[in-house]
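# Structure assessment
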Amino acid sequence: MSDDDRTEPTPAAYDPQGRPFLGYHPDDGVAVYGPRPTPLHDEHVALGATVTGFAGWAMPLRYGSDVAEHRAVRTAAGLFDLSHMGEIRVRGAGAGRALDRALVGSLSTLAVGRARYTMACWPDGGVADDLIVYRTGDEDFLVVANSANAEVMLGQLHERCAASDVEVLDETTTTALVAVQGPAAAGILAGLVGDDAERDAVVGLRNYASATATLTTEAGPVPALVARTGYTGEDGFELFVAVEHAVALWRGLLAAGEPAGLVPAGLAARDTLRLEAGMPLYGHELTRFVTPYDAGLGRVVRLDKTDDDGAPLDFVGREALAQRAEREPERVLVGLEVQGRRAARQGYAVTTPDGVPVGEVTSGAPSPTLGRPVAMAYVTPGASAEGTELAVDVRGRAEPVRVVPLPFYRRS
Amino acid sequence: MSDLPSDLKYTAEHEWVRAGEPVTVGITAHAAEALGELVYLELPAVGDAVTAGQVCGEIESTKSVSEVFSPVTGTVVEVNDAAVDDPSLVNSDPYGAGWLLRVDVEGDAALLSPEEYAALVD
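Here we summarise the structure given alongside this text. Keep in mind that this is a model prediction, so the values were computed, not measured.

### Section: the overall build of chain B
When you go through chain B residue by residue, the secondary structure sums to four helices and nine strands. Reading the helices (α) and strands (β) of chain B from amino to carboxyl end gives β-β-β-α-β-β-β-β-β-α-α-β-α. The globule rule puts the C-alpha radius of gyration for 122 residues at 14 Å, and the 13 Å found for chain B is close to it. When its C-alpha atoms are laid out on the principal axes, chain B stretches across 35 × 30 × 20 Å. Counting every position in chain B, which comprises 122 residues, the buried fraction comes to 47%. Across chain B, the fraction of contacts at a sequence separation of at least 24, relative to all contacts at a separation of at least 6, is 60%.

### Focus on the pairing of strand 1 (residues 21-24) of chain A
All names here are of chain A. As defined by bridge partners, strand 1 adjoins strand 2 (residues 31-33) across three bridges and the pair is classed as antiparallel. Bridge pairing in strand 2 links Tyr24 to Ala31. Here strand 1 folds back onto strand 2 in antiparallel fashion, the turn holding six residues, of which Gly29 has a positive phi close to 75°.

### Notes on the interface of chain B and chain A
Taken together, the contact between chain B and chain A spans 15 residues of the former and 19 residues of the latter. Taken together, the two surfaces of chain B and chain A that pack against each other cover about 1,400 Å², and 44% of this comes from carbon and sulfur. For chain B, the biggest contributors to the area lost against chain A are Glu37, Thr62 and Lys63 of chain B; these three give 42% of the whole. Here chain B and chain A share six salt bridges between them. Salt-bridge contacts for Glu58 of chain B lead to Arg342 of chain A; the nearest nitrogen and oxygen are separated by 3.0 Å. Linking chain B with chain A are 15 residue pairs in polar contact (both at pLDDT 80 or more), by the criterion used here. Secondary structure elements with two or more residues in the side of chain B that touches chain A: helix 1 (29-35), strand 4 (38-42) and strand 6 (55-61) of chain B.

### Things to note about the environment of Ala325 of chain A
Residue and element names in this part refer to chain A. On the secondary structure map, Ala325 appears in helix 9 (residues 318-326). Classification of Ala325 as partly exposed rests on a relative accessible area of 32%. For the pair Ala325 and Asp195, spaced 130 residues apart in sequence, the C-alpha separation works out to 48 Å. When residues no more than four places from it in sequence are discounted, the contact partners of Ala325 are Tyr293 and Leu303.

### Some remarks on unusual backbone geometry
Geometrically, the link from Leu406 of chain A to Pro407 of chain A is a cis peptide bond, its omega value of 0° lying close to zero. With respect to the secondary-structure elements, Pro407 of chain A resides in the segment after strand 22 (397-404). Geometrically, the link from Glu21 of chain B to Pro22 of chain B is a cis peptide bond, its omega value of 5° lying close to zero. Position of Pro22 of chain B among the secondary structure elements: in the loop between strand 2 (15-18) and strand 3 (23-27). We note that Ala55 of chain A has phi near 50°; this positive angle belongs to a residue other than glycine. Tracing the backbone through its elements, the reader meets Ala55 of chain A in the loop between strand 4 (50-54) and strand 5 (57-62). The class of Ala55 of chain A is partly exposed, set by a relative accessible area of 37%.

What counts, and where the lines are drawn
Residues numbered from 1 in each chain as written. Chains lettered and ligands numbered in written order. Predicted model: local features only at pLDDT ≥ 70, side-chain atom pairs only at ≥ 80, totals over all residues. Heavy atoms only, no water. Helix = DSSP H or I, 4+ residues; strand = E, 2+ residues; numbered from the N terminus. Rg over C-alpha atoms; globule rule 2.2 N^0.38 Å. Buried < 20%, exposed > 50% of the residue type's maximum accessible area, 1.4 Å probe, protein only. Contact = heavy atoms within 4.5 Å. Pairing = 2+ DSSP bridges. Buried area = accessible area lost by both parts, 1.4 Å probe. Salt bridge = Lys/Arg side-chain N within 4 Å of Asp/Glu carboxyl O. Polar contact = N/O pair within 3.5 Å; in protein donor to acceptor, adjacent residues only side chain to side chain.

Next up, the structure:
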């Protein structure tokens, strides 16, 4: 048999996670896949973005200066591609109740057109993911999961809703998610909504409310679910559209926003914006080893949920969380203001000024708005009072820090 | 890396050296771009001794922090205060206004030609 007769198995164009086939590894000949591009990948490349792998996706880290992108969001507007987020549809009779059992929050009491920040926990009370759940119909919910947790959440929702008569559908690959964030966001978006009633509805949306609207773009009309949600500490909107409309929407928003100072913004700016706003990020402040109470988010756990007969409703993690709610915390999530210039970053040890360990930094960076480094950290309760002087071991040198209230930044 | 100045020498840790007495030291555009906009530089003081291949400072962006390795052995005779005040100079003009240190060099250091450095980062 000659070499020419040898048949190589044809690799799949995409692996089971949807990541594209890139080629064969030169050492062992194994097919190499991934990171998967978002529907806006070519737009990012054309805009000169630095693209980075994030949770299996190829994402724009920054287009130029991440600090300039951060400031644009604080003073004008920024445009984010969030198509890596997981969108999971839960629908059918009893969908609200099914989510009441699957998640720690009360979703059956959510009004149609409203959204809620909530979490899924494991039976031991550890956080599986933090989520935003949109009620888009009486029996229709959209669960938005962190990209790193999207597959786990899809599996968990299937499992946790199996006893109910509801469908759990992964819409991640068919949905594009774009966010317009900043004080100019509402004006920019209003200019793209042609219908007067829809425009009034969009501009009048309360926080954590959503509406459907058709946006007028050069490439044609784009139907969107528009929600007044975000992750930057600014006013802003998140727009869910079908993937085939992603480019039209992106270009339409960029063109409409440019006169108002809107710029495309990458994951680097998104991270410093949410840090200044004191918002937790899964993998940093939230992990399967902390409970919502540890993160100061015990309010999302609704131990008072009841079923139709008024009896306490069981949900995944209830027993462990009920016990945890009664106990004094072992650790507290705090804000730290760094006195010097060197940033305290994730994983760095927090100590007393004398060097006694009291905790660990979960997120930290130089704050573009404050002009000095800020951090979030888990510390022992005794070290958590506002004004407590502590230190962070920044690569072998103790940097003085002070416990300050969260958030670091609040829009005026 | 078509924009690598041909009159400079380089290190594998992404520093550049401009010949002279003293030599001028900075970081490459490749390194500056990889870090993102720099917001803080920690550099040695005038009079400090630096050793080739040893850490002599830190450069920090919002997203990450990186050590600066001295490409040469000698004594620091000047620090770019303008870049310390406005680290984004390192991003906007890494081979010019964004230089970091001037060093009185003792002896020779093993440095890379532009071609050798380009081969590392391409």
